[in-house]
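# Secondary and tertiary structure notes
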Amino acid sequence: MNLDAINRDLTALSPQDIIASALADAKAPVLTTNFGPHEAAILHMVTQVRPDIPVVWIDSGYGTEATYRFARQLIDRLGLNIRIYHPEYSRAYRSAVMGGVPEVDTPEHDEFTRQVKLEPFARAMASEAPDVWLTAIRKDQTAFRQGLEVASETKDGYLRIAPLLNWTELDVEEYLVEHDLHH
């Protein structure tokens, strides 16, 4: 995988052109989403190019009612080929037997995160076995993401493509308004 060449080709393109390029030769692409407020942009862009792309959602069971309603609305509106993965233990079980959500910044919370997010994600990726993984991450979200490029290889060997990496929150908001995708 020649990431330098891929990034040279992709970095100057619009998100839509990055998506079209990334999907052109993809045999088993996947798009992941958490159905956050800005996720409608990438969901819309990607399904314009490949309507049947598997869309992986790790439903931890801890989303807000608004998130679940938004997810249902987008799944229906965009006709998403949704693949939902859940943690091994439900929220109700965790609450009854494991004491609910542990305090943040504790080893217990780290294990909670592993169980409700990381393990289902690893299981989803192993099950879907994508050759291209599309994600909505952006540089303006975290300090770590400032150092990322549009195409990168994950530690598990997946080719991750972040079409919106160089967009700002305002760019995403404008796209959502233009395509009537606000919730």
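Below you will find a few notes about this structure. Residue numbers restart at each chain and count upward from 1, following the sequence in its written direction. Two thresholds apply to this predicted model, a pLDDT of at least 70 for residue-level local features and 80 or more for giving and counting side-chain atom pairs, whereas whole-chain, interface and lining totals are computed over all residues. Hydrogens and waters are ignored; side-chain quantities use all the structure's heavy atoms.

## Concerning the packing of helix 3 (residues 39-49) against helix 7 (residues 169-178)
For clarity, the cut-off: As a rule, the C-alpha atoms of each element are fitted with a line to give its axis, helices using only the stretch in contact, and angles between N-to-C directions run from 0 to 180 degrees. Starting at the N terminus, helices and strands are each numbered in turn, a helix being any DSSP run of H or I of at least four residues and a strand any DSSP run of E of at least two. Note that the term roughly parallel is reserved for angles under 35 degrees, roughly antiparallel for angles over 145, roughly perpendicular for angles of 65 to 115, and oblique for everything else. Handedness of each helix crossing follows the sense of rotation of the near helix against the far helix: counterclockwise by less than a right angle gives left-handed, clockwise gives right-handed. Should any heavy atoms of two residues lie within 4.5 Å, those residues are considered in contact. Classification convention: Asp, Glu, Lys, Arg as charged; Ala, Val, Leu, Ile, Met, Phe, Trp, Tyr, Cys, Pro as nonpolar; all other residues, Gly among them, as polar.
For the pair helix 3 and helix 7, interaxial distance at closest approach is 9 Å and the crossing angle is 60 degrees. It follows from the interaxial angle that helix 3 and helix 7 lie oblique. In the packing of helix 3 onto helix 7, the handedness of the crossing is left-handed. Where helix 3 approaches helix 7, its residues Ala 40, Ala 41, His 44 and Met 45 are matched on the opposing element by Val 172, Tyr 175 and Leu 176. Taken together, the residues that form the contact of helix 3 with helix 7 break down as 6 nonpolar, 1 polar and no charged.

## Side note on the pairing of strand 1 (residues 29-33)
The side chains of a regular strand alternate between the sheet's two faces. Rules: Here the term buried applies to any residue with accessible area under 20% of the maximum for its type, exposed to any over 50%, and partly exposed to those in between, with areas from a 1.4 Å probe on protein chains only. At least two DSSP bridges between two strands are needed for those strands to be called paired. Place the viewer so that the strands point away; then a crossover is right-handed whenever the path from the first strand over the helix to the second strand goes clockwise.
Among the 5 residues in strand 1, 5 count as buried, and that is most of the element. In strand 1, alternate side chains face the same way, and those of Pro 29, Leu 31 and Thr 33 on one face and Val 30 and Thr 32 on the other are all buried. With 3 bridges connecting them, strand 1 and strand 4 (residues 132-134) associate as parallel partners. When the bridges of strand 4 are listed, Val 30 appears paired with Trp 133. Examined bridge by bridge, strand 1 and strand 2 (residues 54-58) share 3 bridges and lie parallel to one another. The residue bridging Leu 31 from the neighbouring strand is Val 55, located in strand 2. You can see the chain leave strand 1, run along helix 3 and come back into strand 2, and the turn it takes is right-handed.

## Things to note about the pattern of salt bridges
Side-chain pairs of opposite charge can arise whenever the charged atoms involved come near each other. To keep it simple, the criterion reads: The working definition used for a salt bridge is a side-chain nitrogen of Lys or Arg within 4 Å of a carboxyl oxygen of Asp or Glu.
For the structure on display, the rule yields 6 salt bridges. We note a salt bridge from Arg 72 to Asp 76, for which the minimum N-O separation is 2.8 Å. One end of the pair is Arg 72 and the other is Asp 76, both in helix 4 (residues 65-78) and 4 residues apart, which spans about a single turn. Overall, the relative accessible area of 51% leaves Asp 76 in the exposed class. Note that Arg 114 is salt-bridged to Glu 111, the shortest N-O span being 2.8 Å. Of this pair, Arg 114 and Glu 111 both sit in helix 6 (residues 107-128), 3 residues apart, which is roughly one turn of that helix. Judged by relative accessible area, Arg 114 falls into the partly exposed class, the value being 38%.

## Notes on the sheet that holds strand 4
With mixed pairing, the 6 strands of this open sheet are ordered in space as 3-2-1-4-6-5. Looking at which strands have only one partner, the edges of the open sheet turn out to be strand 3 (81-85) and strand 5 (151-153). For this sheet the average axis-to-axis angle between neighbouring strands, irrespective of direction, equals 30 degrees. Relative to strand 2, helix 6 is tilted by about 160 degrees, and along the sheet it contacts strand 1, strand 2, strand 3 and strand 4.

## Notes on the side chain of Thr 32
So the rule is basically this: Polar contacts, as used here, are pairs of N or O atoms within 3.5 Å; protein pairs need one atom able to donate a hydrogen and one able to accept it. Residues neighboring in sequence count only if both atoms are side-chain atoms.
Looking at where Thr 32 falls in the secondary structure, it is placed in strand 1. Reaching out from Thr 32, the side chain makes a polar contact with the side chain of Trp 133 at a distance of 2.8 Å. For Thr 32, the residues in contact, after removing those within four places along its chain, are Glu 39, Val 56, Phe 121, Trp 133, Leu 134 and Thr 135.

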